[in-house]
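# Working through the structure, step by step
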Amino acid sequence: STQRLEDKLVLITGASGGIGAVPAILFAKAGANLVLLARRQDKLTSVASAAQAAHKAAGQTKGGKVVTVVLDVSDREGVNALRGKIPSELGQVDILVNNAGFVLGVDKIGDIKDDDMEAMFETNVYGLIRMTQAFLKEFKARNSGHIINIGSVAGREAYAGGAIYCATKAAVRSFSVSLLKEVVDTNVRVSEIQPGLVETEFSIVRFRGDKGAADKVYEGLEPLTGKDVAEEIVWVASRPAHVNVAELFVMPVNQA
Ligand code: NDP
């Protein structure tokens, strides 16, 4: 039940748009407090307002405190200093949703630029690992806490033109499994959610702004929405404390 989320502190990376903005609303409705993290302050501010409005409209009396943190998860020093930026009255983070990630380009391997390759690994892999490191020690010490990593179908099977993105998501998958094994003697939970195609800004960034090419990917199928994935995140986070959803693979009905 989502009652288990009441007064919990949930930190979501990549909360300024796309998939990450939606669980912010659902967690607020369920009575959680939130730390919303991304690079764009204006977008974070509007997601924070929407989350607070949803909290109020739901008549929710628990939680509802929302703070925003402007941070690039690939900024090592910034991530190290992050815990000091979370107001102490919010308490300790209970649930970390590692959602920030992106894909840049659909390039043949010989054409991949070093900068693009490094940027994808920096955010999707190193950023996710550093964010995890920032909270893992206290989660272990408290013998609680939940890390929810957003992987992808692209971490299970690769497609031509997606070599780097798929490799980053395969890394998220194996990191998540290794992390789960490391904490198996504790009550810390580790879940990885692997969505198929979801229509967000991501879809256009992948084709460097070419909307026509982006739309073609969805021909003959109805992609998932941010809400579909957000509902999975909230479901995973609200299982009883002895239940860990290790892996959840969610596809549009017609995606091969
Ligand atoms: P969007 O591009 O719509 O949103 C990405 C979010 O991440 C934005 O809020 C962006 O905000 C933030 N972000 C990106 N880079 C960083 C960074 N370095 N530091 C902090 N925040 C960052 O993408 P989606 O919502 O579609 O993607 C979310 C996750 O879901 C990603 O991990 C993606 O790989 C995964 N996914 C997406 C699928 C899809 O088809 N869309 C399918 C399967 C998985 P800002 O620019 O403000 O920092």
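Residues numbered from 1 in each chain as written. Predicted model: local features only at pLDDT ≥ 70, side-chain atom pairs only at ≥ 80, totals over all residues.

In the annotation of an unreviewed UniProt entry, the entry for the protein chain reads NAD-P-binding protein, and the organism field reads Calocera viscosa. Taken verbatim from the UniProt record of the protein chain, the Sequence similarities (unreviewed entry) comment is "Belongs to the short-chain dehydrogenases/reductases (SDR) family." (UniProt positions renumbered as here; feature names shortened; annotations may be inferred.)

So, on to the overall build of the protein chain. What the protein chain contains, in helices and strands, is 8 helices and 7 strands. Its C-alpha radius of gyration of 17 Å places the protein chain within 12% of the 18 Å reference for a compact globule of 256 residues. Seen along its three principal axes, the alpha-carbon backbone of the protein chain occupies a region of about 50 × 40 × 35 Å. By residue count, 39% of the 256 residues in the protein chain fall in the buried class. (Helix = DSSP H or I, 4+ residues; strand = E, 2+ residues; numbered from the N terminus. Rg over C-alpha atoms; globule rule 2.2 N^0.38 Å. Buried ≥ 20, exposed ≤ 12 C-beta atoms within 10 Å, placed from the backbone.)

A word on the site of the ligand. By nearness alone, 30 residues border the ligand, and Gly14, Gly18, Arg39, Gly101 and Phe202 come closest of all. When residues in the shell around the ligand are grouped by element, the largest group, 4 residues, is from helix H6 (residues 201-206). The residue inventory of the shell around the ligand, partitioned by class, reads 11 nonpolar, 14 polar and 5 charged. (Near = placed C-beta within 6 Å. Nonpolar A, V, L, I, M, F, W, Y, C, P; charged D, E, K, R; others polar.)

Looking down a regular strand, the side chains alternate between one sheet face and the other. For strand S2 (residues 33-38), the buried fraction is high: 6 of the 6 residues fall into the buried class. Side chains of S2 alternate between two faces, with Asn33, Val35 and Leu37 and Leu34, Leu36 and Ala38 buried alike. Pairing geometry for strand S1 (residues 9-13) and S2, over 5 bridges, is parallel. Its bridge partner being in S2, threonine 13 is matched across the sheet by leucine 37. A crossover connection joins S1 to the parallel S2 through helix H1 (residues 18-29); in handedness this β-α-β unit is right-handed. Following the backbone out of S2, through helix H2 (residues 41-57) and into the adjacent parallel strand S3 (residues 66-70), one traces a crossover that is right-handed. (Pairing = 2+ DSSP bridges. Right-handed = clockwise from strand over helix to strand, strands pointing away.)

Our focus in this paragraph is the packing of H1 against H2. At a minimum axis distance of 8 Å, the contact between H1 and H2 shows a crossing angle of 30 degrees. By the angle class used here, H1 and H2 are roughly parallel. Our pair here, H1 against H2, has a crossing hand that is right-handed. Counted together, Ala21, Ala24, Ile25, Ala28 and Lys29 of H1 and Val47, Ala50, Ala51, Gln52, Ala54 and His55 of H2 form the full contact between these two elements. Looking at the contact of H1 with H2 residue by residue, the class counts come to 8 nonpolar, 2 polar and 1 charged. (Axes fitted to C-alpha atoms, helices over the stretch in contact; angles between N-to-C directions. Parallel < 35°, antiparallel > 145°, perpendicular 65-115°, else oblique. Left-handed = near helix turned anticlockwise from the far one by under 90°. Contact = placed C-beta atoms within 7 Å.)

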